[in-house]
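One letter stands for each residue in the lines below.
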Amino acid sequence: MAFCALITQGATYDCDNPIVPGVNTRLILINKDEIATVTRASGYVEDITLAATKTAFAFEGYRQSLNPEYRLVPAALSIGYDHQIKFQVFDISQEQKANLEKMALGRMVAVVENMNNEGNDDNVFEVYGLDVGMEITEMTRIARDLETQGSFSILLKTPDEEGKEPKMPVTWFDTDYATTKVLVDALLP
Amino acid sequence: MGRIIEIREKGVVITEATPQNIVDKYIKDYPQLNKLKNGKKESKPAKPDKP
């Protein structure tokens, strides 16, 4: 058996700082091809920089409009992970339609902020699609739909036609929550 | 595992074991390579102290 198939620790339940479900509804999307560098240390992402003049983009939502998920995809001779992000775009302008048409042709990397709680600084930001990227596999807008307010419903997902992500979404952490947040926000215009 | 910096634009991965002459080739355009000189991170970053 490969050395990397041997687990190295158990898990405890932190009674003082229990895990909190949910995410901040701000989704940060990056064009995968515009990532210049990725700095990794001890399995974490420490920093991501973009090519000159390029920025990431924030898609704001509310309540439960952002739903990230990932799951193991086992196969006989390999394993991989499907990363996916379901989100709403509450902007139906022509400019946004043109933007989403471009997104449908591209490949995205997403930064998601988990609910933060004390003692959880190093588990807040996760990067989805960092190695393979995610593509739009569903995009609908139902004008009369009350639940979505007629917004765009979008599903970004690891493509089925290519290799899966080799890892779960990577945690982005450097020093503490505040430092990491500055680095994440630096991606935005 | 030490620090790894992927320069995706160039298709290059720089580690703490990369020869200095290779690092020097990229360090002007990618100042984050200076982090490689700050020593290895062997373990998970420490969590903040609990009150």
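Our subject is the structure listed above.
Below, the structure is looked at part by part. By convention here, each chain's residues receive numbers from 1 onward along its written sequence. The naming scheme follows written order: chains are lettered A onward, ligands numbered 1 onward. Selection of residues for local features in this predicted model requires a pLDDT of at least 70, selection of side-chain atom pairs for listing and counting requires 80 or more, and totals for whole chains, interfaces and linings are taken over all residues.

### Considerations on the sheet that holds strand S9 (residues 135-141) of chain A
All names here are of chain A. Quick note on the threshold: The rule for pairing is simple: two strands pair if DSSP sees at least two bridges between them. Each helix is a run of H or I in the DSSP string that is no shorter than four residues. Each strand is a run of E no shorter than two, and both are numbered from the N terminus. Orientation is described by lines fitted to C-alpha atoms, with helices fitted over the stretch in contact, and by angles between N-to-C directions that extend from 0 to 180 degrees. Note that contacts rest on C-beta atoms placed from the backbone: two residues are in contact if these are within 7 Å.
With respect to topology, four strands assemble into an open sheet ordered S5-S6-S10-S9, the strand pairing being antiparallel. Each edge of the open sheet is held by one strand with a lone partner, namely strand S5 (66-74) and S9. With strand direction ignored, the average angle separating the axes of adjacent strands in the sheet is 15 degrees. Pairing analysis gives nine bridges linking S5 to strand S6 (residues 79-89), with the strands arranged antiparallel. Looking across to S6, one finds that Arg71 is bridged to Asp82. Here helix H1 (residues 94-105) sits on the sheet in contact with S6, S9 and strand S10 (152-157), set at roughly 145 degrees to S9.

### Quick notes on unusual backbone geometry
Residues and elements named next belong to chain A. Of note, Arg63 is a non-glycine position whose phi angle comes to about 50 degrees, a positive value. For Gln149, which is not glycine, the phi dihedral falls at a positive 55 degrees. As for its placement among the helices and strands, Gln149 is situated in the loop between S9 and S10.

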